[in-house]
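Each chain is listed here by its residues.
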Amino acid sequence: MSDATINIREMSEEDVEAILDIERETKGSHRSVTYAPVPDSCIGGEVGTSIVAEDDGRIIGFILARIVRSPIELSDVAWIELIGILPDYQGRGIGKRMVETWKDRCSQNGIKKVHIMINWRDWWLQSFFEPLGFSRGDLVDFQADL
Ligand SMILES: CC(C)(COP(=O)(O)OP(=O)(O)OC[C@H]1O[C@@H](n2cnc3c(N)ncnc32)[C@H](O)[C@@H]1OP(=O)(O)O)[C@@H](O)C(=O)NCCC(=O)NCCS
């Protein structure tokens, strides 16, 4: 099921409060973590390729993202830092539309590769991203207990 009344647009600084509200709403058992740290630059004003979804002017979803220089790919790549949709709007195809729109925006900005870091145990989040063209990349998380 898709929701044609939802408008997806570039994020602006004024949207940050609404985004933090969604973040609070989707915390806890409803939220899967992504592991790239949220950069200060996204909150502080530089929004890069970030987008929001709105229903009649109300922000109901967002993708917080940034463009970084990849030392591996020797080019600019884009990372999704956080993605979130208000619970009442989940499961309606809006997340899928947001990711497709975001990928198009990245592509128009000359980006050739996009990334998101997700937990290997979050099988459902993988099943959300895989049909959108994402697959497991070369980077792996190395860690040590102290
Ligand atoms: C993850 C999230 C953005 C997905 O957006 P959404 O609008 O609910 O997803 P969509 O309706 O576009 O679903 C697209 C596909 O993914 C699948 N999918 C979405 N959520 C799923 C879930 N919880 N379990 C299994 N599959 C799921 C759908 O079945 C759908 O498949 P289909 O196209 O074959 O029907 C949204 O659920 C969310 O905000 N969750 C809370 C925050 C969070 O965990 N964010 C991720 C880490 S930052």
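Not measured: the values here are computed from a predicted model.

## Remarks on the packing of aromatic side chains
For any pair of aromatic rings, the description rests on two quantities: the centre-to-centre distance and the angle between the ring planes.
Consideration 1: Summed over the entire model, instances satisfying the criterion amount to two aromatic pairs.
Consideration 2: Relative to Phe129, the ring of Phe128 has its centre 4.9 Å away and its plane inclined at 80°; by these criteria the two rings are edge-to-face.
Consideration 3: Looking at Phe128, the relative accessible area reads 25%, which means it is partly exposed.
Consideration 4: Measuring from centroid to centroid gives 5.1 Å for Phe129 and Phe134, while their planes differ by 70°, and the two rings are edge-to-face. For the pair shown, Phe129 and Phe134 are each scored as buried.
Consideration 5: Taken together through their ring pairs, the aromatic side chains of Phe128, Phe129 and Phe134 make up a single cluster.
Consideration 6: Lying over the aromatic face of Trp120, Arg136 brings its terminal NZ or CZ to 4.3 Å of the ring centre.

## Focus on the side chain of His115
Consideration 1: Mapped onto the elements of the fold, His115 is located in strand 5 (residues 114–116).
Consideration 2: Taking relative accessible area as the criterion, His115 reaches 16% and is therefore assigned buried.

## Some points on the sheet that holds strand 1 (residues 7–10)
Consideration 1: Spatial ordering of the open sheet is given by 1-2-3-4-5, a layout of five strands whose pairing is mixed. Single-partner strands in this sheet number two, and they are strand 1 and strand 5. Pairwise comparison of adjacent strand axes, ignoring direction, gives a mean angle of 30° for this sheet.
Consideration 2: Pairing of strand 4 (residues 75–85) with strand 5, which is carried by three bridges, proceeds in the parallel orientation. The partner of Ile80 across the bridge, within strand 5, is Ile116.
Consideration 3: Against the sheet, helix 1 (residues 16–25) touches strand 2 (51–55), strand 3 (58–70) and strand 4, its axis set at about 100° to strand 3.

## Observations regarding helix 3 (residues 94–108)
Consideration 1: Taking 1.5 Å as the rise per residue, helix 3 with 15 residues should run 21 Å; its terminal C-alpha atoms sit 21 Å apart, in good agreement.
Consideration 2: Following helix 3 by one or two positions, Gly110 has its phi on the positive side, about 85°.

## With respect to the pairing of strand 3
Consideration 1: Of the strand pairs in this sheet, strand 2 and strand 3 are connected by five bridges, and their pairing is antiparallel. Among the inter-strand pairings, Val52 is bridged to a residue of strand 3, identified as Phe62.
Consideration 2: Counted along the chain from strand 2 to the antiparallel partner strand 3, the turn is two residues long, and its residue Asp56 has a positive phi close to 55°.
Consideration 3: Sheet analysis places strand 3 next to strand 4, joined by 10 bridges and oriented antiparallel. Bridge pairing links Val68 to Val77 in strand 4.
Consideration 4: With antiparallel pairing between neighbouring strands as the criterion, strand 3 and strand 4 make up a hairpin whose turn holds four residues, including Leu74 at a positive phi of roughly 55°.

## Remarks on the environment of Phe129
Consideration 1: Following the sequence through the fold, Phe129 ends up in helix 4 (residues 123–129).
Consideration 2: What makes Phe129 buried here is its relative accessible area of 2%.
Consideration 3: Measuring from C-alpha to C-alpha, the distance between Phe129 and Gly95 comes to 9.8 Å, with 34 residues separating the pair along the chain.

## Focus: the confidence of the model for the protein
Consideration 1: Chain-level statistics for the protein give a pLDDT mean of 85 and a share of 85% at 70 or above.
Consideration 2: The least confident element of the protein, judged by mean pLDDT, is helix 2 (residues 40–44) at 39; the most confident is strand 2 at 97.
Consideration 3: Note that pLDDT drops below 50 for residues 37–47; the model gives that stretch 18 contacts with residues more than four away or on any other chain.

The rules we used
Residues numbered from 1 in each chain as written. Predicted model: local features only at pLDDT ≥ 70, side-chain atom pairs only at ≥ 80, totals over all residues. Heavy atoms only, no water. Phe/Tyr/Trp six-rings, centres within 6.5 Å; stacked < 30°, edge-to-face > 60°. Buried < 20%, exposed > 50% of the residue type's maximum accessible area, 1.4 Å probe, protein only. Lys NZ or Arg CZ within 6 Å of the ring centre and 35° of its normal. Helix = DSSP H or I, 4+ residues; strand = E, 2+ residues; numbered from the N terminus. Pairing = 2+ DSSP bridges. Axes fitted to C-alpha atoms, helices over the stretch in contact; angles between N-to-C directions. Contact = heavy atoms within 4.5 Å. Expected span 1.5 Å × (residues − 1). pLDDT = per-residue confidence, 0-100.

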